[in-house]
Amino acid sequence: MSMEFVASGAAECRRAATRRPRGRVLSRAAYACGVLLASASQAHAYLDPGTGGILLQVILGAIAAGAAAMVGLRARIGAALAGFRTRKGAAAQAKDTTTP
Amino acid sequence: MTAVLFDPASYRDRRGRVFEHQGRIFRSVSHEAAVDLAWLEREGILADLIADGRLVRSWRAETAPEIRDGSHAAAVLEHERLAFISYPYEWPFTALKTAALFHLDLHRDALERGASLADASAYNVQFVGARPLFIDVLSLRRYHDGEYWLGHQQFLDQFLNPLLLCARLGIGAQAMYRGSPEGIATSVLARLLSFRHKLSPRLFLNVVLPAWLQRMAARKTIDAAQAVRRRPLPKRSYVALLAGLRRTIETLKPRSASLSAWSDYASEHSYAAAEMDSKRRFITDYAARAQPRLLVDLGCNTGSYTAAALAAGAGSAIGIESDPDAADQAFRRAEAERLAFLPLVMDAADPSPAQGWRSLERRSFAARARFDGMMALAFAHHLAIGRNIPLDQLVEFLVGLAPNGVIEFVPKADPQLQRLLRLREDIFGDYAVENFAALLARSARIVRQETVSASGRVLYWYDRSSGSAP
């Protein structure tokens, strides 16, 4: 796994970061668990997942999304280029037929 | 109605509790858990895993006994009772590795069927011989799209990190794991790794990075909850994570930093071949006639005599071996030959204590030791001479382990004992075969004895059950 991918994932996390307000707050892990419980489709679980593992999964998920996006982008570029080549070819053919 | 005994280790998950009643093992299932359970049954997941031999045999209890604490369980399951419970901090390296791969495969197969595991506790895996078995039915849940692997950190702490301690640092993790039953924390392992280790991509991803992320979260630099809310985990990432861990663990091998005095034992022994044969014949005779259902082999080393006892008629065996390398070799033998044999890394002079919540959660070795037979070959002198255990206490301890068994007495004239005494003052005036035999005869009947070496080693078969002849 290349370092850029990891770095881009970490940057993604940082963009999501907020400065926590001062004062008493629940521990990060318990809060994360609470959020997971609150979201509609998340299963309940007794276990405190721990922030390290969860954040690693966030990064891996971001990397997978990034990779998928790159594949999609590559496909679109390829399709655009193929379209361009076709138009160029058709234009050249048209020129041939019209040239006496 | 006899009392219901709740298992003191079963308290974390409010969706169910394990209890014992009239020697049988049951699990109460809450209304919430019963929904998932019914779904698992409908999908055939439970039945398939049980048929595979991967999940402990379980069934709905027909007549559910009264549950004393007043919780109105929606259902009660009964589980097949296991003959012996062991803990991850007692397992040799290869056993923990096998358990880790087993857990990951189970999780991946569950995901394929739309299910998931709620946690990744190493204590949810038990061994029957050298074969892993999953025992926590309620850990299986329905998978919800986008959910995270909540057991990830627990998996690292309880499976991966102890393996890495041995594979990368050459440290037998058992002693440290026993002192830290919730697992070896990633932050601790990160501190122990050298810079060179940290450059390895696998260690960076699975140790350094999670430790760093944990520190950043603790310093409030990252808000984990926010990150999680924005991005559900795609299933293919979940599966890829499990697959990546599996690839990492597959490659791990134990690295023995210490000069193991015992793994070469089988080749470098002070026995002639004929002497080994008479020892083996004695063991075979004992096992064939006493037929112990559950045998304990103290100082089992690489398990060659344990295998002989099993072949001759012992039902199953637990090995106790203080050298992690020898125990690991014994486990690999048990795996390869499919023996009903589980070797454990343990010091007989300091067996696993009771620990955990209220010191009841993880039972002591003594509390779990319900053996039908025992073997202590070339072992007693390690306690008597090596650990200065008085002979009378030693004999009492040995015969207390099982109603019958075989104990080998090694005299001072033997080369192995000469080696132990070379740099020490001989304070063991009473260490002599006559005293040993007299102490043994005080607690039990000597069924048979035989001198098996030119140096004067004697095997004793004792039996302390009243009036029974094998």
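Along each chain, numbering runs from 1 in the same order as the chain's sequence is written. Throughout, the order in which chains and ligands are written sets their labels, letters from A for the former and numbers from 1 for the latter. Given that this is a predicted model, residues contribute local features only at a pLDDT of at least 70 and side-chain atom pairs are listed and counted only at 80 or more, while totals for whole chains, interfaces and linings are drawn from all residues. Derived side-chain values reflect all non-hydrogen atoms in the structure, with water molecules and hydrogen atoms excluded from consideration.

A separate point is the nonpolar core. Most often, soluble globular proteins have nonpolar side chains that are buried together. Residue and element names in this part refer to chain B. We call a set of buried Ala, Val, Leu, Ile, Met, Phe, Trp, Tyr and Cys residues a nonpolar core when their side-chain atoms join them within 4.5 Å. For every residue, the accessible area (1.4 Å probe, protein chains only) is compared with the maximum for its type, and the residue is labelled buried under 20%, exposed over 50%, or partly exposed between those bounds. Leu-298 and Met-374 are the most contacted members of the largest nonpolar core, which has 150 residues in total. Looking at which element gives the most residues to this core, the answer is helix 3 (residues 93-112), with 11 residues. Those residues in contact with Leu-298 that sit more than four places away from it in its chain are Ile-320, Ala-348, Met-374, Met-375, Ala-376, Leu-377, Phe-379, Phe-397, Leu-398 and Leu-401. One finds Val-4, Phe-6, Phe-19 and Val-76 within the second-largest nonpolar core, a separate group that totals 6 residues. Elements are defined by DSSP. Helices are runs of H or I of four residues or more, strands are runs of E of two residues or more, and each kind is numbered from the N terminus. Note on contacts: a residue pair is in contact if any heavy atoms of the two residues lie within 4.5 Å.

Residue and element names in this part refer to chain B. Relative to the helices and strands, Trp-91 resides in the loop between strand 5 (75-79) and helix 3. Residue classification places Trp-91 among the buried positions, given a relative accessible area of 1%. Linking Trp-91 and Met-346, residues 255 residues apart in sequence, is a C-alpha distance of 8.9 Å. Residue contacts for Trp-91: discarding those within four places in its chain leaves Ser-86, Leu-96, Ala-99, Ala-122, Val-125, Phe-127, Gln-174, Leu-344 and Val-345.

Time to look at the pattern of salt bridges. All names here are of chain B. Each reported salt bridge corresponds to a side-chain nitrogen of Lys or Arg within 4 Å of a carboxyl oxygen of Asp or Glu. Applying the stated criterion to the full structure yields 30 salt bridges over all chains. Arg-24 serves as the salt-bridge partner of Glu-78, at 2.8 Å between the closest nitrogen and oxygen. Of this pair, Glu-78 sits in strand 5 while Arg-24 sits in strand 3 (residues 24-29), and the two are 54 residues apart along the sequence. Here Arg-24 falls in the partly exposed class, since its relative accessible area comes to 40%. Taken together, the shared-partner salt bridges in this structure form one network comprising Asp-52, Arg-54, Asp-105, Arg-108, Asp-109, Arg-246 and Glu-250.

Residue and element names in this part refer to chain B. Aromatic pairing here means that ring centres of Phe, Tyr or Trp (its six-membered ring) are within 6.5 Å. Orientation follows from the plane angle: under 30 degrees is stacked, over 60 is edge-to-face, and everything else is tilted. One pass over the structure, following the stated rule, counts 17 aromatic pairs over all chains. Here the aromatic rings of Trp-91 and Phe-127 are separated by 4.9 Å at their centres, their planes lie at 90°, and the arrangement is edge-to-face. Linking Trp-91 in the loop between strand 5 and helix 3 with Phe-127 in strand 7 (residues 125-128), this pair joins segments that are 36 residues apart in sequence. Aromatic rings pair up to connect Tyr-87, Tyr-89, Tyr-123 and Tyr-177 into one cluster. The side chain of Arg-362 reaches across the aromatic face of Tyr-123, ending 3.7 Å from its centre. Our definition puts a charge over a ring when NZ of Lys or CZ of Arg is within 6 Å of the ring centre and also within 35 degrees of the ring normal.

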